[in-house]
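Read off the chains here:
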Amino acid sequence: MPAGVRNPRLGRLRRHPVLSLAAALLLLTGAVFGGAWGYRVLFPPDLSCGAGMTAAGKPAACVGVNLDSTPFTKGEPERMRKLEDAVRTANQAVKGNTTSVVLMLNFSPVEDVDTLTYESLYPNIEGAMTAVWRANNTAAYGSTPGVKLYLANMGSQYGSWQQAVAGIGKYAEAEHISAVVGLGQSTEQTRQAAAAISAQLHIPVIGSTVTGNSMNVDPSDPAGKRTIPDMFRVSPTNSDSVIAAAQYVSGLRPAVASLAVVADSVAGDDYTATLAAEAKTRFQAPDRTVTVLPYTSPRSLPSGAGRQDYLVQQFNLMHANLCQAAPSVVYFAGRGRDLGAFVQNWVQGSPCGTAQLRIVVGDDASEAIRDDAVLKGVASGRVTVVYTALASPDEWGTECPGSDAKRNYDQFWSAFTGRPDPCTKQPLATTQSGAQPLSFDPADLASGQAMLSHDAAVAAISAARHDEAGLRNPGLETGILHQFYCAQMLPGASGWLSFGADGNPVGKPTPIVQLGPDGTTKTVTLTWPGSAPNLSLPQRGGTGAPGC
């Protein structure tokens, strides 16, 4: 158009400001949506989430219920992918009338942020898979309905627990979800998740390694006394763990005259809080000095900052006070992933007259059995590390045929590994023709977490199979779980499963496990903090089982 010639259409727009504004908005909308669409085409998102999940968090991870067994994160470890594929294959083989169990954990741990690792996740998945395999292919826990397993991700530091709970609720009816197991660590987020599942979905929640004393207390109760109605757990509480540790320390010779409690004071972690509170009183004894040395682990860190480096600084400052206390035993009331920083400071810090330090840790030390700093510390001879495990693969001994509890474990071991029973030398009989055995590495049993994940799933499956009505209304299964006590105990890998009125386990043992310099573990003694040894179902004329 020649210079100085006016466009008549622009002139009309100037005379009609409303029309002019509408046209501008239309052009802007087209630019925005066209640009966004074009951006997605040119730069597709790094993470595509499968059915039942959405992306959340930083770094982004898929959270919710993994219905298709797709990756939770970009660049997921190959071993995690193989396990997800195995879950999908197993689910596809289940036909007809079914029920589903959801294993809910943090399946996208961030290195040096979360206090768990992928290595600690694998046994949890394998243990739950073993329970489902036994339910579908052996007569150990009935025969019908068939059982499927789904993994639900709460995200790093359990920060997306609400999305995971919402996903379970969304698919509970379609997938016949009868229970949620796992939960992971004893944090405020996992307690909120358990309470929400109970209040909103009315289905049982069975913790596998949830030990914090307050974890089954309803967070909505201002008095802090009402328990979560549908919550159960198969692992002993922190009170039992500290009682077991105190029993062990009392048996040491020479007698322990000075003991230090290294206590994490971070807020929102029920595990460390209740462990420290119990330790401050349970280790008191005549002619023994107990010194409490606090530290505070980080709840969050700025970008680029590492948890290990942060704690090394704190323990470095603690070193002089620890030397002045001159303990022969340290009870470490912190997370297992933080133990490496403590051990490294002790071994590399200035000598202060203590040739060897005996360190006793809670059950979360299972997270440290592959920690290089811990293993090097043990290898140096400057420290020994024992911990109160929730379960241990050698807790029942090696004698054949052994106790009833050992025979239960041997059946689990055979299913887990796909190998013949270690005592009878017979392959595990299956009810399904052509059933493919599992073949997990026995080394994955070292932490005991596979045993507990198996036992939590076993309780869920047994409740579903004892009440067909519960498949239509899973809330009814809470009543069935309460019947598993006294003579109606369930055979588990970690011991007989029996629940008290508060959902806590009754009559469970606590193995004291020593960590070797190569990461191997060995049960040094088996304690029974809450009862006499409970190795068999009660016999007629006998004294009965715990809780009777």
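Now for a quick tour of the structure. (Residues numbered from 1 in each chain as written. Predicted model: local features only at pLDDT ≥ 70, side-chain atom pairs only at ≥ 80, totals over all residues. Heavy atoms only, no water.)

1. So, the side chain of Thr272
Of note, Thr272 is situated in helix α8 (residues 270-282). Thr272 gets classed as buried once you look at its relative accessible area, which sits at 0%. One polar contact links the side chain of Thr272 to the main-chain carbonyl oxygen of Asp269, over a distance of 3.3 Å. Dropping the residues within four chain positions of it, Thr272 is found in contact with Asp264, Val266, Ala333, Gly334 and Arg335. (Helix = DSSP H or I, 4+ residues; strand = E, 2+ residues; numbered from the N terminus. Buried < 20%, exposed > 50% of the residue type's maximum accessible area, 1.4 Å probe, protein only. Polar contact = N/O pair within 3.5 Å; in protein donor to acceptor, adjacent residues only side chain to side chain. Contact = heavy atoms within 4.5 Å.)

2. Some points on the layout of surface pockets
When its volume is computed, the largest pocket comes out at roughly 720 Å³. Residue lining of the largest pocket: 30 residues in total, with Ala90, Ala93, Trp133, Asn136 and Asn137 positioned closest to the centre. Secondary structure elements with two or more residues in the lining of the largest pocket: α3 (78-92), α4 (118-137) and β4 (146-153). A total of six residues in the lining of the largest pocket trace back to one element, the largest contributor, which is α4. Looking at the lining of the largest pocket, its residues break down into 14 nonpolar, 14 polar and two charged. (1 Å grid on protein atoms, 1.4 Å probe; cavity = no way out; pocket = protein on both sides within 12 Å on 5 of 7 lines; lining within 4 Å. Points joined across faces, edges and corners; volume = space filled by probe spheres on them. Nonpolar A, V, L, I, M, F, W, Y, C, P; charged D, E, K, R; others polar.)

3. Some details on the pairing of strand β16 (residues 521-527)
Bridge count between strand β15 (residues 510-515) and β16: six bridges; the pairing is antiparallel. Looking at the pairing, Val513 lines up with Thr523 of β16. Between the antiparallel neighbours β15 and β16 lie five residues, among them Gly519 with a positive phi of about 90°. (Pairing = 2+ DSSP bridges.)

4. Here we look at the packing of aromatic side chains
For any two aromatic rings, the description comes down to two numbers: the centre-to-centre distance and the angle of the planes. Within the structure shown, the criterion is met by twelve aromatic pairs. Between Phe412 and Phe416, the aromatic rings sit 5.6 Å apart at their centres with planes inclined by 40°, giving tilted as the arrangement. Here Phe412 pairs with Phe416, and both are found in helix α12 (residues 404-417), just four residues apart, close to one helical turn. Classification of Phe412 as buried rests on a relative accessible area of 0%. Connected via pairs of aromatic rings, a cluster forms that spans Tyr295, Phe315, Phe332 and Phe342. (Phe/Tyr/Trp six-rings, centres within 6.5 Å; stacked < 30°, edge-to-face > 60°.)

5. Examining the side chain of Asp363
Its place among the elements puts Asp363 in the loop between β11 (357-361) and α11 (372-380). Here Asp363 is buried and forms no salt bridge, its nearest opposite-charge partner Arg335 lying at an N-O distance of 6.5 Å. Among all residues touching Asp363, those that are not within four sequence positions of it are Thr211, Asn238, Ser241, Tyr271, Tyr387, Thr388 and Leu390. (Lys, Arg positive; Asp, Glu negative; His and termini not counted. Salt bridge = Lys/Arg side-chain N within 4 Å of Asp/Glu carboxyl O.)

6. Details of the state of the cysteines
Taken as a whole and assessed by the stated rule, the structure comprises three disulfides. Each sulfur of the disulfide joining Cys323 and Cys352 lies 2.1 Å from the other. Judged by the torsion about the S-S bond (-70°), the Cys323/Cys352 disulfide is left-handed. Of this pair, Cys323 sits in helix α9 (residues 307-325) while Cys352 is found in the loop between α10 (339-348) and β11, placing the two residues 29 residues apart along the sequence. Under the relative-accessibility criterion, Cys323 is labelled buried at 17%. Judged by its relative accessible area of 27%, Cys352 is partly exposed. Residue Cys400 pairs covalently with Cys423 via a disulfide, S to S 2.0 Å. Sign of the S-S torsion, about -85° for the bond between Cys400 and Cys423, identifies this disulfide as left-handed. (Disulfide = S-S within 2.5 Å.)

7. Notes on empty space enclosed by the protein
Counting across every chain of the model gives two cavities of 30 Å³ or more. Estimated volume of the largest cavity: approximately 240 Å³. Lining the largest cavity are 23 residues, with Gln185, Thr209, Asp364, Glu367 and Gln449 positioned closest to its centre. Those elements giving two or more residues to the lining of the largest cavity turn out to be α4 and α13 (449-466). With three residues, α4 is the largest single contributor of residues to the lining of the largest cavity. Residues belonging to the lining of the largest cavity are distributed by class as follows: eight nonpolar, eleven polar and four charged. Counted as a void, the second largest cavity has a volume near 30 Å³.

8. Topic: the pattern of salt bridges
If charged atoms from side chains of opposite charge come close, those side chains can pair. In total, this model carries 16 salt bridges according to the counting rule given. Put simply, Arg191 and Glu188 hold a salt bridge, and the shortest N to O gap is 3.1 Å. Residue Arg191 and its partner Glu188 are located together in helix α6 (residues 188-201), separated by three residues, close to a single helical turn. In this structure Arg191 comes out as buried when scored by relative accessible area, which is 14%. Looking at Glu188, the relative accessible area reads 29%, which means it is partly exposed. With a closest N to O distance of 2.2 Å, Asp404 and Arg407 form a salt bridge. Taken as a pair, Asp404 and Arg407 lie in helix α12 at a separation of three residues, close to a single helical turn. A relative accessible area of 36% means that Arg407 is categorised as partly exposed. If you follow the salt bridges from partner to partner, you end up with Arg79, Glu119, Glu126 and Asp444 in one network.

9. Details of the nonpolar core
With 91 residues, the main nonpolar core has Leu103, Met104, Phe107, Ile125, Ile168 and Ile206 as its most contacted residues. When near neighbours in sequence (up to four residues on either side) are disregarded, Ile168 contacts Val65, Val102, Met104, Ile177, Val180, Ile197, Leu201 and Ile203. Membership of the second largest hydrophobic core comes to 32 residues, among which are Ile359, Val385, Ala389 and Leu515. (Core = buried A, V, L, I, M, F, W, Y, C linked by side-chain atoms within 4.5 Å.)

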